[in-house]
Amino acid sequence: MNKIRLLFFATLRERAGTKALDLEIPADMTVRGLKEKLAAEYPNLRESMKSVLITINREYAFDEAVIPPNAEMALFPPVSGG
Amino acid sequence: MTLPELSHEEILRYSRHLLIPEVGLEGQRKLKASSVLVIGTGGLGSPVALYLAAAGVGRIGLVDYDVVDSSNLQRQVIHGTSTIGKLKVESARAKLLDLNPDIQVDVYNEPYTSENAMRIASDYDLIIDGTDNFPTRYLTNDVAVFLGKPNIYGSIFRFDGQVSVFYAKEGPCYRCLFPEPPPPGLVPSCAEGGVLGVLPGTIGTIQATEALKVLLGIGTPLIGKLLLYNALDMSFDFVTLKKNPNCRVCGPNADIKELIDYEEFCGVPGHDHGEEGSAGEGLDITAGELAERLKTNHLKLLDVREPHELEISALPGAVNIPLGQLAARLSELDSAEEMVVFCKGGTRSARALELLASAGFKKVKNLKGGINAWAREVDRSLPVY
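Residues numbered from 1 in each chain as written. Chains lettered and ligands numbered in written order. Predicted model: local features only at pLDDT ≥ 70, side-chain atom pairs only at ≥ 80, totals over all residues. Heavy atoms only, no water.

Another point: the state of the cysteines. All names here are of chain B. By the definition in use, this model includes zero disulfides over all chains. Free of any disulfide, C266 has its nearest cysteine sulfur in C173, 14 Å distant. The exposure class assigned to C266 is buried, which follows from its relative accessible area of 4%. Cysteine C343 is unpaired, with the sulfur of C190 as its nearest cysteine sulfur at 16 Å. Exposure remark for C343: the relative accessible area of 1% places this residue in the buried category. (Disulfide = S-S within 2.5 Å. Buried < 20%, exposed > 50% of the residue type's maximum accessible area, 1.4 Å probe, protein only.)

All names here are of chain B. Strand order across the open sheet formed by five strands is β9-β13-β12-β10-β11, with parallel pairing between neighbours. Among the strands making up the open sheet, the edge pair consists of β9 (284-285) and β11 (319-320). With two bridges joining them, β9 and strand β13 (residues 364-367) adopt parallel strand pairing. The partner of I285 across the bridge, within β13, is L367. (Pairing = 2+ DSSP bridges. Helix = DSSP H or I, 4+ residues; strand = E, 2+ residues; numbered from the N terminus.)

Right, let's talk about the environment of A:L12 for a bit. Residues and elements named next belong to chain A. Within the element layout of this structure, L12 appears in helix α1 (residues 11-16). With 40 residues separating them along the chain, L12 and V52 place their C-alpha atoms 9.2 Å apart. The residues contacting L12, other than those within four sequence positions of it, are L45, S48, V52, L75, F76 and P77. (Contact = heavy atoms within 4.5 Å.)

This paragraph deals with the pattern of salt bridges. Considering all chains together, one arrives at 26 salt bridges over all chains under this definition. B:R59 is the partner of B:D106 in a salt bridge, and the nearest nitrogen-oxygen pair spans 3.1 Å. One end of the pair, B:D106, is in strand β3 (residues 104-108); the other, B:R59, is in strand β2 (residues 59-63), and 47 residues separate them in sequence. Here the two residues B:D106 and B:R59 agree in accessibility, since each one is buried. A relative accessible area of 17% places B:R59 in the buried class. Three or more residues joined by partner-sharing salt bridges are found here, namely A:R32, A:K35, A:D63 and A:E64. (Salt bridge = Lys/Arg side-chain N within 4 Å of Asp/Glu carboxyl O.)

Residues and elements named next belong to chain B. If you walk through the whole model with that rule in mind, you get ten aromatic pairs over all chains. Ring plane angle 65° and centroid distance 5.0 Å describe the contact between Y138 and Y174, whose orientation is recorded as edge-to-face. Taken together, the residues Y138 in helix α7 (residues 134-147) and Y174 in helix α8 (residues 174-177) connect sequence positions 36 residues apart. Each member of the pair, Y138 together with Y174, is buried. On the basis of an interplanar angle of 40° and a centroid distance of 5.3 Å, the ring pair of Y153 and Y174 is categorised as tilted. Pair noted here: Y153 is in strand β5 (residues 151-157) and Y174 is in helix α8, with a separation of 21 residues, a long-range link. Accessibility expressed as a relative area gives 1% for Y153, which makes it buried. Through successive ring pairs, a cluster of aromatic residues spans Y138, Y153, F166, Y174, F178 and F265. (Phe/Tyr/Trp six-rings, centres within 6.5 Å; stacked < 30°, edge-to-face > 60°.)

The next subject is the interface of chain B and chain A. Taken together, the contact between chain B and chain A spans 39 residues of the former and 25 residues of the latter. Roughly 2600 Å² of surface becomes buried between chain B and chain A when both sides are summed, with 58% attributable to carbon and sulfur atoms. Among the residues of chain B in contact with chain A, B:F178, B:L186 and B:K242 are the three that bury the most area, contributing 20% of the side total. Summed over the shared surface of chain B and chain A, the result is three salt bridges. B:D237 is the partner of A:R58 in a salt bridge, and the nearest nitrogen-oxygen pair spans 3.1 Å. Our count for the contact surface shared by chain B and chain A stands at 15 residue pairs in polar contact (both at pLDDT 80 or more). Contributions of two or more residues to the side of chain B that touches chain A are made by α7, β5, β6 (160-166), α8, β7 (225-230) and β8 (235-240) of chain B. (Buried area = accessible area lost by both parts, 1.4 Å probe. Polar contact = N/O pair within 3.5 Å; in protein donor to acceptor, adjacent residues only side chain to side chain.)

A word on the pairing of strand β5 (residues 72-76) of chain A. Residues and elements named next belong to chain A. The buried count for β5 comes to four of five residues, which makes it a mostly enclosed element. Inspection of the sheet shows strand β1 (residues 2-8) paired to β5 by four bridges, in the parallel sense. Counterpart to L6 in the pairing with β5 is M73.

All names here are of chain B. Burial of the side chains of strand β10 (residues 300-303) extends over both faces: K300 and L302 are buried on one face and L301 and D303 on the other. In this sheet, strand β12 (residues 339-342) lies alongside β10 in parallel orientation, the contact comprising four bridges. The residue bridging L301 from the neighbouring strand is V340, located in β12.

Here it is, written out as structure tokens:
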């Protein structure tokens, strides 16, 4: 298992009910796997996982990326206002 | 291409630019030869257009089809109280030409759509995304990719802002980051959720800065980087972006080769008026109809706005369950009871109606235009907000 830290931004903070979350995940978990895990365990985040911007250590992470140990991951929602 | 000369008046006007070696006389002549298309003359478009005009960008195009409303003026500083009710593009053009009569301002008083976007944008060096909705953002992105032009992206909500320079020739595009739009109704617009008035000022001036850097060819533009700003924390976070190899418009196997129907793609309309919320045919009740019904019948009223909005205006006897809590609190409602759902403008209540319908509620209607329509048409003692 790997330890990781999730940081929630903007409206995702309200949905997650927290700014940050520490998790233990399997060593081979991908970003897609993490999205599925969050959607299953946090019903308030389920819809958001369909279009969330996720970074690993401040770099954009594609769904296929494997999450490294001690990753700091940030989750940003899309915003549309202008 | 030979660059245009500057008159003595222009040399004096741009003196503070000419003193910076990175701009100088040649840079200022480059700006004079440049053209920028600003999509939207709202919160972001206001500072962008004002600063680009002041900086001496020779030709500025403005696309908008709205009229100035007093609720715009808390942030849309290119307009004024004297131009309420006037076309936004005309209001903006007059302000820009007052600021700088040496530039040319082209106006397009029409929605930016798949039909006209390529024609309008092809005439400009650079595109600024100052729109207020997802369909027009995807459209603006795809047009920029197809035309090979830089797209200076900015987006805001409440206290948060994002900026990037999407230039598919050199880096990722908007779709690389957000391949799929969010489910309809998940991300509130500024008309529904509000925005700190100064926020588009911060984000728009950063967009204008990036536009000038790209036009002048100086510094390091935000290509391949996304700036994430939060006004409450006063935090500026930068994220490194990558081109998405599976991007459907700029990837090696792109399958979107021409503009599509963006409203269908996003499942929402390409504007953010927030005042015309309708649940669709047969599912709406107008404020006038509701007033008539309430004279003779008892009708349950469900207010799905946030609690702090009730301080602005409220309907007596209405039950308040904010939209975000509705799914979890359905047991508080009786699906057999006749009910009218409302919010500020009818958008959130239309979403609520979908949710209620899927939960088996059959006798519910949406108050078209929300409590604001009620305030306009039935009870003028209530404010419109």
